Protein chains: 2
Amino acid sequence: MVTLDFKKGNGLVPAVVQDYRSGRVLMVAYMNGQAWERTLQTGEAHYWSRSRGELWHKGATSGNIQIVKEIFADCDSDAILLKVEQVGGAACHLGYESCFHKSVDSNGAMTIIDERVFDPAKVYGK
Amino acid sequence: MVTLDFKKGNGLVPAVVQDYRSGRVLMVAYMNGQAWERTLQTGEAHYWSRSRGELWHKGATSGNIQIVKEIFADCDSDAILLKVEQVGGAACHLGYESCFHKSVDSNGAMTIIDERVFDPAKVYGK
């Protein structure tokens, strides 16, 4: 049984989320012990929302859940890599496939490189 | 100019490091403002070592530097993705190509899936 080191991150470990087919990095989120256990138990990604301060079943609102295909722990067991099937084709709450849709040049200037997959106002709006 | 949000992580943002050719995720490290600036200025990955409490020019000891090919910021500008050329073919201080060399099954059991690229005792030993 992998015992993750939650201490270094004050109770949280970062989870890198990668599309299991394309290898594209979709997002980084955080897990506490409960999120880690739920992810293992259910096969769907669960995180700890730092902004809301609560357990976060990714996709519970949008329907865009992440079906976990493979899990890896790093050398120090203080970071996790999930290879997932991203339901709906978009991991980002702004409607992009990947949260990493801003390219940065060597001067630090930023360019959005993607088109939105969905309109967040329609998915999250009421 | 991208202004990263260092506040949420107490002065640090996580940096996901991906091999620019294979797409394999090699490691997760952390950057403070100084590490971010040095990375942009030099084109070689710099991090903040949480364990040593100092600026860390990756590869300064081992020679296995990371040449930055592309940089991405995420939606909230609180995480970074680097696509790098990993000199020496191994990012992990234990001698593996990737720090994520431990596969985890649904019971939480762990298996090392890689062979070492180098012997850490020879690279770091004295």
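Scroll up to find the structure.
A quick note: this is a predicted structure, and the numbers were derived from the prediction, not measured.

Caption draft 1: How the structure looks around the sheet that holds strand β2 (residues 25-31) of chain A. The six strands are arranged β2(A)-β1(A)-β6(A)-β5(A)-β7(B)-β8(B) in an open sheet whose pairing can be described as mixed. Of all strands in the sheet, those bounded by a partner on one side alone are β2 of chain A together with β8 (110-112) of chain B. Strand-to-strand twist across the sheet, computed as the mean angle between neighbouring axes with direction ignored, equals 30 degrees. Summarising the sheet, strand β7 (residues 102-104) of chain B and β8(B) pair through three bridges and their orientation is antiparallel. Of the residues in β8(B), the one forming a bridge with B:Lys102 is B:Ile112. Most of the contacts of helix α1 (residues 33-42) of chain A go to β2(A), to which it runs at about 125 degrees, and overall it touches β2, β5 (66-73) and β6 (80-86) of chain A together with β7 of chain B.

Caption draft 2: Representation of helix α1 (residues 33-42) of chain B in the model. When we look at burial in α1(B), the residues that qualify are B:Ala35, B:Trp36, B:Thr39 and B:Leu40. Looking straight down α1(B), one finds that the buried residues subtend no more than 130 degrees of arc, so they occupy a single side. On its buried face, α1(B) sits against β7 (102-104) of chain A together with β2 (25-31), β3 (46-49), β4 (54-57), β5 (66-73) and β6 (80-86) of chain B. Looking one or two residues beyond α1(B), the residue adopting positive phi is B:Gly43, at roughly 75 degrees.

Caption draft 3: Just the sheet that holds β6(B), in detail. Taken together, six strands build an open sheet; the order of strands is β8(A)-β7(A)-β5(B)-β6(B)-β1(B)-β2(B) and the sheet is mixed. Two strands lie at the open edges of the sheet, namely β8 (110-112) of chain A together with β2 of chain B, each paired on one side alone. Sheet twist, expressed as the average angle between the axes of neighbouring strands with direction ignored, equals 30 degrees. Against the sheet, α1(B) touches β7 of chain A together with β2, β5 and β6 of chain B, its axis set at about 125 degrees to β2(B).

Caption draft 4: Spotlight on the interface of chain B and chain A. If you look at the interface, chain B gives 42 residues, while chain A gives 42 residues. Interface of chain B and chain A: buried area, both sides summed, is about 3,200 Å²; carbon and sulfur atoms make up 64% of it. The largest share of the area that chain B buries against chain A comes from B:Cys75, B:Phe100 and B:Lys102, three residues that together contribute 19% of it. At the boundary of chain B and chain A, one finds two salt bridges. Here chain B and chain A share 14 residue pairs in polar contact (both at pLDDT 80 or more) between them.

Caption draft 5: Representation of the relation of the copies chain B and chain A within the structure. For these two chains of identical sequence, chain B goes onto chain A by a turn of 180 degrees and a shift of 0.0 Å along the axis, with RMSD 0.0 Å. Put plainly, the chains are arranged around a two-fold axis. Relative to the rotation axis, the C-alpha of B:Gly23 is the closest in chain B, positioned 3.0 Å from it. Take the interface residues of chain B: 100% of them recur as interface residues in chain A, which is what a same-surface contact looks like.

Caption draft 6: Molecular detail of the pattern of salt bridges. Using the criterion set out here, one finds twelve salt bridges over all chains in the structure. Put simply, A:Asp78 and A:Lys8 hold a salt bridge, and the shortest N to O gap is 2.6 Å. Separated by 70 residues along the polypeptide, A:Asp78 in the loop between β5 and β6 and A:Lys8 in the segment before β1 (13-19) bring together distant segments of the chain. A relative accessible area of 8% means that A:Asp78 is categorised as buried. Given a relative accessible area of 42%, A:Lys8 falls into the partly exposed group. Across the pair B:Glu54 and B:Arg52 runs a salt bridge, and its minimum N-O distance is 3.1 Å.

Caption draft 7: Layout of the packing of aromatic side chains. Counted according to the given criterion, the structure contains four aromatic pairs over all chains. Measuring from ring centre to ring centre gives 5.3 Å for A:Tyr47 and A:Trp56, while their planes differ by 55 degrees; the resulting arrangement is tilted. Using a relative accessible area of 23% as the deciding quantity, one classes A:Trp56 as partly exposed. A centroid spacing of 6.3 Å and a plane angle of 55 degrees characterise the contact between B:Phe118 and B:Tyr124, whose relative ring orientation is tilted. Look at B:Tyr124 and you get partly exposed, because its relative accessible area is 32%. The side chain of A:Lys69 reaches across the aromatic face of A:Tyr20, ending 5.0 Å from its centre.

Caption draft 8: Spotlight on unusual backbone geometry. All names here are of chain A. Look at Ser-77: it is not a glycine, yet its phi comes out positive at around 55 degrees. Here Ser-77 lies in the loop between β5 and β6. For Ser-77, a relative accessible area of 9% gives the class buried.

Cut-off values and rules
Residues numbered from 1 in each chain as written. Chains lettered and ligands numbered in written order. Predicted model: local features only at pLDDT ≥ 70, side-chain atom pairs only at ≥ 80, totals over all residues. Heavy atoms only, no water. Pairing = 2+ DSSP bridges. Helix = DSSP H or I, 4+ residues; strand = E, 2+ residues; numbered from the N terminus. Axes fitted to C-alpha atoms, helices over the stretch in contact; angles between N-to-C directions. Contact = heavy atoms within 4.5 Å. Buried < 20%, exposed > 50% of the residue type's maximum accessible area, 1.4 Å probe, protein only. Arc of directions from axis to C-beta. Buried area = accessible area lost by both parts, 1.4 Å probe. Salt bridge = Lys/Arg side-chain N within 4 Å of Asp/Glu carboxyl O. Polar contact = N/O pair within 3.5 Å; in protein donor to acceptor, adjacent residues only side chain to side chain. Least-squares fit on C-alpha atoms with pLDDT ≥ 70 in both. Phe/Tyr/Trp six-rings, centres within 6.5 Å; stacked < 30°, edge-to-face > 60°. Lys NZ or Arg CZ within 6 Å of the ring centre and 35° of its normal.

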